[in-house]
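Architecture at a glance
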Amino acid sequence: MKSLSVSVLFLMLPACAFAQSSGAPQVGYPTNRSPFTDLQYRQEITLFGGQFKAGTEPAQVAPRSGPMVGARYEVTVGGPAQFFVRGARVFSKRLAIDPTQPAATRSLGVVTVPLYLADLGISMNLTGQRSYHRIVPSVAVGVGVASTLKSKVEKDPFNFGTTFAFSFGGGLRILATERAQIRMDFGTHMYQIRYPAGYFTSTGSNPAVLPSNQAKSFWKSNPSITAGLSYLFFR
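Everything numeric in this text was worked out from a predicted model, so none of it was measured.

**Here's the deal with the environment of Gly-87**
In this structure, Gly-87 sits in strand β4 (residues 81-90). Residue classification places Gly-87 among the partly exposed residues on the basis of a relative accessible area of 29%. Apart from residues lying up to four places away in sequence, Gly-87 is in contact with Phe-48, Val-69, Gly-70, Ala-71, Leu-117 and Ala-118.

Written out as structure tokens, the structure is:
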């Protein structure tokens, strides 16, 4: 029995030596060398600016491309998900026309028409509740409204008004300091354009603004890209 015990102990010695030389420290990253950092704060508020690119449309009377500014509030709701609320103003203009006039003289000129965008939705961190080398990529989807408020132009029956809008896109958050981060976001707002009946009516020898086979309403995609600075708070 004594010789058996000695033999078993002798056989276990190489296994113990191997475990010590190739144990737990070989799995994953040492704590002080890991590229991942836990996200400490649950809420953030961001001020941003960028460029809004309006999609094309046949009559060219909808709000056009322009610079945009806005603010965004975001709070973690569980796991990698955040709830966000966002508002922005696009410094836009649009072409106004009088459809009762001949084609050569129906233009009323380009008028200033600010476009307001507001939405709420959910964003998802692709790295979970951690940053990778202090960078957090994300995707987002939202629903809201697009509005020009009071944008009616005399003699032009077109009125953008207020309409539902859907948004989706992605972005990068760069953790500059413990409480400050840089955001870069890209995405699109989709909203509906509705043409008035007057754009399809011929008057005397004056042709209609749009042909009869043109859709009277349709959805339009309008991409944008922004950069902003965020303040982080509440652990």
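That covers the picture; the talk isn't over yet.
**Here we look at the packing of aromatic side chains**
Tallied over the full model, the rule gives eight aromatic pairs. Put simply, the rings of Phe-158, Tyr-195, Tyr-199 and Phe-218 pair up and form one aromatic cluster. Between Arg-72 and the ring centre of Phe-84, over which it is positioned, the NZ or CZ distance is 4.4 Å. Across from the ring centre of Phe-36, 4.1 Å away, lies the NZ or CZ of Arg-130, which sits over that ring.

**Side note on the pattern of salt bridges**
Within the structure shown, the criterion is met by eight salt bridges. Here Glu-44 ties to Arg-183 by a salt bridge, and the two come within 2.9 Å at their closest N and O atoms. Here Glu-44, found in strand β2 (residues 43-52), pairs with Arg-183, found in strand β11 (residues 180-194); they are 139 residues apart in sequence, far enough to count as distant. For the pair shown, Glu-44 and Arg-183 are each scored as buried. Among the ionic contacts, a cluster of salt bridges with common partners joins Glu-44, Arg-72, Glu-74, Arg-173, Arg-183 and Asp-185.

The rules behind these values
- Residues numbered from 1 in each chain as written.
- Predicted model: local features only at pLDDT ≥ 70, side-chain atom pairs only at ≥ 80, totals over all residues.
- Heavy atoms only, no water.
- Helix = DSSP H or I, 4+ residues; strand = E, 2+ residues; numbered from the N terminus.
- Buried < 20%, exposed > 50% of the residue type's maximum accessible area, 1.4 Å probe, protein only.
- Contact = heavy atoms within 4.5 Å.
- Phe/Tyr/Trp six-rings, centres within 6.5 Å; stacked < 30°, edge-to-face > 60°.
- Lys NZ or Arg CZ within 6 Å of the ring centre and 35° of its normal.
- Salt bridge = Lys/Arg side-chain N within 4 Å of Asp/Glu carboxyl O.

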